Amino acid sequence: MAVVHFIVVGLLLTILQTTLCMRTPVSFMAPDFYYVLVAYLALRLDMLRSLIILLPLTCVLDVLSGTILGSYALICFGGYFLLRQLAIKLPVNEILYHLPLISLSFLAVSWLTYLFFELLLPDQQASWSWWKMVLRMLLVALCSYPLFLLFDVIQKYSQRSFLSWSKLRLRSDNRRRRA
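Rules used in this analysis
- Residues numbered from 1 in each chain as written.
- Predicted model: local features only at pLDDT ≥ 70, side-chain atom pairs only at ≥ 80, totals over all residues.
- Heavy atoms only, no water.
- Salt bridge = Lys/Arg side-chain N within 4 Å of Asp/Glu carboxyl O.
- Buried < 20%, exposed > 50% of the residue type's maximum accessible area, 1.4 Å probe, protein only.
- Phe/Tyr/Trp six-rings, centres within 6.5 Å; stacked < 30°, edge-to-face > 60°.
- Helix = DSSP H or I, 4+ residues; strand = E, 2+ residues; numbered from the N terminus.
- Core = buried A, V, L, I, M, F, W, Y, C linked by side-chain atoms within 4.5 Å.
- Contact = heavy atoms within 4.5 Å.
- Expected span 1.5 Å × (residues − 1).

1. A short note on the pattern of salt bridges
Here is step 1 of the chain: The tally for this structure, following the rule as stated, stands at three salt bridges.
Here is step 2 of the chain: The partner of Asp-46 in a salt bridge is Arg-49, and the shortest N-O contact between them spans 2.6 Å.
Here is step 3 of the chain: When its relative accessible area of 31% is taken as the criterion, Arg-49 is described as partly exposed.

2. A closer look at the packing of aromatic side chains
Each aromatic ring pair is described using two quantities: the centre-to-centre distance and the angle formed by the ring planes.
Here is step 1 of the chain: The tally for this structure, following the rule as stated, stands at eight aromatic pairs.
Here is step 2 of the chain: Here the aromatic rings of Phe-6 and Tyr-40 are separated by 5.6 Å at their centres, their planes lie at 35°, and the arrangement is tilted. Within this pair, whereas Phe-6 is found in helix H1 (residues 2-21), its partner Tyr-40 is found in helix H2 (residues 33-44), the two being separated by 34 residues in sequence. By the burial criterion, Phe-6 is buried, and Tyr-40 matches it.

3. Things to note about the nonpolar core
Here is step 1 of the chain: Residues Phe-6, Tyr-34, Tyr-35, Ile-102, Phe-148 and Phe-151 are the most contacted members of the largest nonpolar core, which totals 43 residues.
Here is step 2 of the chain: Those elements giving two or more residues to this core turn out to be H1, H2, helix H3 (47-65), helix H4 (71-89), helix H5 (95-120) and helix H6 (130-159).
Here is step 3 of the chain: Sort the elements by how many residues they give to this core and H2 lands first, with 11 residues.
Here is step 4 of the chain: Contacts of Phe-151, omitting those with residues within four sequence positions, involve Phe-6, Val-9, Leu-13, Val-36, Leu-37 and Tyr-40.

4. What about the environment of Leu-99?
Here is step 1 of the chain: Topologically, Leu-99 is positioned in helix H5.
Here is step 2 of the chain: What makes Leu-99 buried here is its relative accessible area of 17%.
Here is step 3 of the chain: For the pair Leu-99 and Ala-39, spaced 60 residues apart in the sequence, the C-alpha separation amounts to 9.7 Å.

5. Some words on H1
Helical geometry: 3.6 residues make up each α-helical turn, so side chains three or four residues apart lie on a common side.
Here is step 1 of the chain: Between its terminal C-alpha atoms H1 stretches 26 Å, which fits the 28 Å expected from 20 residues at 1.5 Å a residue.
Here is step 2 of the chain: For H1, the set of buried residues is Ala-2, Val-3, His-5, Phe-6, Val-9, Gly-10, Leu-13, Thr-14, Gln-17 and Thr-18.
Here is step 3 of the chain: In this structure, the buried residues of H1 make contact with H2, H3 and H6.

Okay, structure coming up:
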């Protein structure tokens, strides 16, 4: 159930980001909500469910953004695997300790993606500006804490059982066997 909930939330965040926050695909004042979800999936969920959630998210991001196809898939999966490897080595699992990690990984993955596409398609990329990317990194850091709290609530809600198994338990007719 968590997979379905996070796919819906990821699609809503993607639509919110690409329609309301992003006036142009290279807008620097648009917070990257999708990357916060990628970070949450890398830090809190198991790999199989995370990859099932990321696949439709990256497809929708690529279609709605209007940039080079595959760029958001590269950012999402690159950020996911980078954060996953770094989170294994971290001794603490608190969000306040993860905020700098999320921000710096966003900056590193964005820069590596820019370099990758600069090598492949040098004429079609927008110019890299450090102050714009640092501003986007700070927006990711500001959005991380409230979105992590929202994602924790969604995960708790999706883990809650709709049917109580104790109510469905059948009772035997033998009174002496009851525990």
